[in-house]
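Structure at a glance
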Amino acid sequence: IVAPSSNDDGTPDISIIHIDCIFHTAHLVPLYGANFLPCEIGPHDSYNVFCAFYINKYADHHSSEVA
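1. Quick word on the overall build of the protein
- Along the protein, the regular secondary structure elements total 1 helix and 2 strands.
- When the helices and strands of the protein are read in sequence order from the N terminus, they spell out β-α-β.
- The 67 residues of the protein split such that 9% are buried.
- Of the contacts formed within the protein by residues at least 6 apart in sequence, a portion of 62% connects residues at least 24 apart.
- Of the accessible surface of the protein, which amounts to about 6300 Å², a share of 60% is contributed by carbon and sulfur atoms.

2. Focus: the environment of Ser-6
- Note on placement: Ser-6 falls in the segment before strand E1 (28–30).
- Among all residues touching Ser-6, those that are not within four sequence positions of it are Thr-11, Pro-12 and Asp-13.

3. Looking at the packing of aromatic side chains
- Across all of its chains, the model carries 2 aromatic pairs by this definition.
- Here Tyr-32 and Phe-50 contribute two aromatic rings whose centre-to-centre distance is 5.3 Å and whose plane-to-plane angle is 85 degrees, an arrangement assigned as edge-to-face. Of this pair, Tyr-32 sits in the loop between E1 and helix H1 (46–49) while Phe-50 sits in the loop between H1 and strand E2 (53–55), and the two are 18 residues apart along the sequence.
- Taking relative accessible area as the criterion, Phe-50 reaches 10% and is therefore assigned buried.
- A ring pair is formed by Tyr-47 and Phe-53, whose centres lie 6.0 Å apart and whose planes are at 15 degrees; its orientation type is stacked.
- Judged by relative accessible area, which is 51%, Tyr-47 ranks as exposed.

4. Considerations on a nonpolar patch on the surface
- On the surface, Ile-1, Leu-31 and Tyr-54 cluster together into a nonpolar patch covering about 310 Å² of accessible area.
- Note on placement: Leu-31 falls in the loop between E1 and H1.

5. So, the confidence of the model for the protein
- A residue-level look at the protein finds 90% of positions with pLDDT of 70 or above and a mean pLDDT of 83.
- Across the protein, the element-wise mean pLDDT spans from 84 in H1 up to 90 in E2.

6. Notes on the side chain of Ser-46
- Positionally, Ser-46 belongs in helix H1.
- Taking relative accessible area as the criterion, Ser-46 reaches 18% and is therefore assigned buried.

Basis of the calculations
Residues numbered from 1 in each chain as written. Predicted model: local features only at pLDDT ≥ 70, side-chain atom pairs only at ≥ 80, totals over all residues. Heavy atoms only, no water. Helix = DSSP H or I, 4+ residues; strand = E, 2+ residues; numbered from the N terminus. Buried < 20%, exposed > 50% of the residue type's maximum accessible area, 1.4 Å probe, protein only. Contact = heavy atoms within 4.5 Å. Areas by Shrake-Rupley, 256 points an atom, 1.4 Å probe, with all protein chains shown as cover. Phe/Tyr/Trp six-rings, centres within 6.5 Å; stacked < 30°, edge-to-face > 60°. Patch = residues over 30% accessible without salt bridge, like charges linked within 9 Å, V, L, I, M, F, W, Y side chains within 5 Å. Salt bridge = Lys/Arg side-chain N within 4 Å of Asp/Glu carboxyl O. pLDDT = per-residue confidence, 0-100.

So this is what it looks like as C-alpha cells:
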C-alpha cells in the first residue's frame, strides 16, 4: 500500500522530477472504504479523494512503452 507524502505542516510533498528519471508507469487501485462512493466522484478525482492505494502488480507495464 502506498500513500501520498506530506510535509510536517500537513502540506503535500510536491517535487518536480526530470522525465528521464521515470522508470515505468504504475497502476494505482484506490483503497476503498466500507461506504459507497458519491456519483460525483470521477476517475480524475481519485488522487485527491483517496488516502492510500494498492499497486497493481499484475498490470501490463509494457502497454505504455513507446517503440
